[in-house]
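Structural characterization, general
So the chains spell out like this:
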Amino acid sequence: MGLKIFAITLGAAGAFSCALAGAQPGGHDLRGANAPAGASVGTQSTGTDLIRANNCLACHQVSQKRVGPAFTLIAKRFAGQPGAAEYLAGAIRQGGKGRWGPVPMPAQPQVSPEQASAIAAWILTLAAPGPDPS
């Protein structure tokens, strides 16, 4: 219980500091500047708008660990896996624990299934292309 309160308190403080700064901690510009070359502009703008609106940045950053894993690390773990977007969308709404360390991700029921799907799709665009196997 104490760890959960700590994570929530830390997350709220992060959300407040992100809102004041108008950007993600660490200087990452979320207006598409960090988008991979293959990511569609629509997915990028929708994804970044949704992660801002739903305070995802309170616990996550694009390329560095904060309370939770970096979005790029999540993308790399699930890149190319069938059903990855659906799995991530479910994890966003239902939360989880033990997948990325001791701090649980609280459920985010305020995020609609459609929003969760859009956020998951955006996260998966962050997977860096691997080396060409040919």
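Structure first, text after, so check above.
What counts and what doesn't
Residues numbered from 1 in each chain as written. Predicted model: local features only at pLDDT ≥ 70, side-chain atom pairs only at ≥ 80, totals over all residues. Heavy atoms only, no water. Helix = DSSP H or I, 4+ residues; strand = E, 2+ residues; numbered from the N terminus. Buried < 20%, exposed > 50% of the residue type's maximum accessible area, 1.4 Å probe, protein only. Contact = heavy atoms within 4.5 Å. Areas by Shrake-Rupley, 256 points an atom, 1.4 Å probe, with all protein chains shown as cover. Axes fitted to C-alpha atoms, helices over the stretch in contact; angles between N-to-C directions. Parallel < 35°, antiparallel > 145°, perpendicular 65-115°, else oblique. Left-handed = near helix turned anticlockwise from the far one by under 90°. Phe/Tyr/Trp six-rings, centres within 6.5 Å; stacked < 30°, edge-to-face > 60°. Lys NZ or Arg CZ within 6 Å of the ring centre and 35° of its normal. Polar contact = N/O pair within 3.5 Å; in protein donor to acceptor, adjacent residues only side chain to side chain.

**Regarding the overall build of the protein**
If you tally the helices and strands in the protein, you get five helices and zero strands. Overall, the protein shows an N-to-C arrangement of helices and strands of α-α-α-α-α. Looking at the protein residue by residue over its 134 residues, the buried ones come to 35%. Taking contacts inside the protein between residues at least 6 apart in sequence as the whole, the part at least 24 apart equals 55%. As displayed, the protein has an accessible area near 7,700 Å², and 62% of this comes from carbon and sulfur atoms.

**Some points on the packing of helix α4 (residues 84–94) against helix α5 (residues 113–124)**
α5 packs onto α4 with a crossing angle of 125° between their chain directions and a minimal axis gap of 8 Å. Regarding the angle of α4 to α5, the classification is oblique. At the point where α4 passes α5, the crossing takes the right-handed sense. From α4, A84, A85, L88, A89, I92 and R93 reach across to α5, where they touch P113, A116, S117, I119, A120, I123 and L124.

**Re the packing of aromatic side chains**
For the coordinates displayed, the defined rule picks out two aromatic pairs. For the pair F71 and W122, a centre-to-centre distance of 5.3 Å together with 75° between the ring planes defines the contact as edge-to-face. Highlighted residues: F71 in helix α3 (residues 71–78) and W122 in helix α5, separated in sequence by 51 residues. Judged by its relative accessible area of 1%, W122 is buried. The ring of W100 carries the charged tip of R77 above its face, separated from the ring centre by 3.6 Å.

**Concerning the environment of R66**
Along the chain, R66 falls in the loop between α2 (41–53) and α3. Overall, the relative accessible area of 25% leaves R66 in the partly exposed class. Within the structure, the side chain of R66 is placed 3.4 Å from the backbone oxygen of A58, a separation counted as a polar contact.

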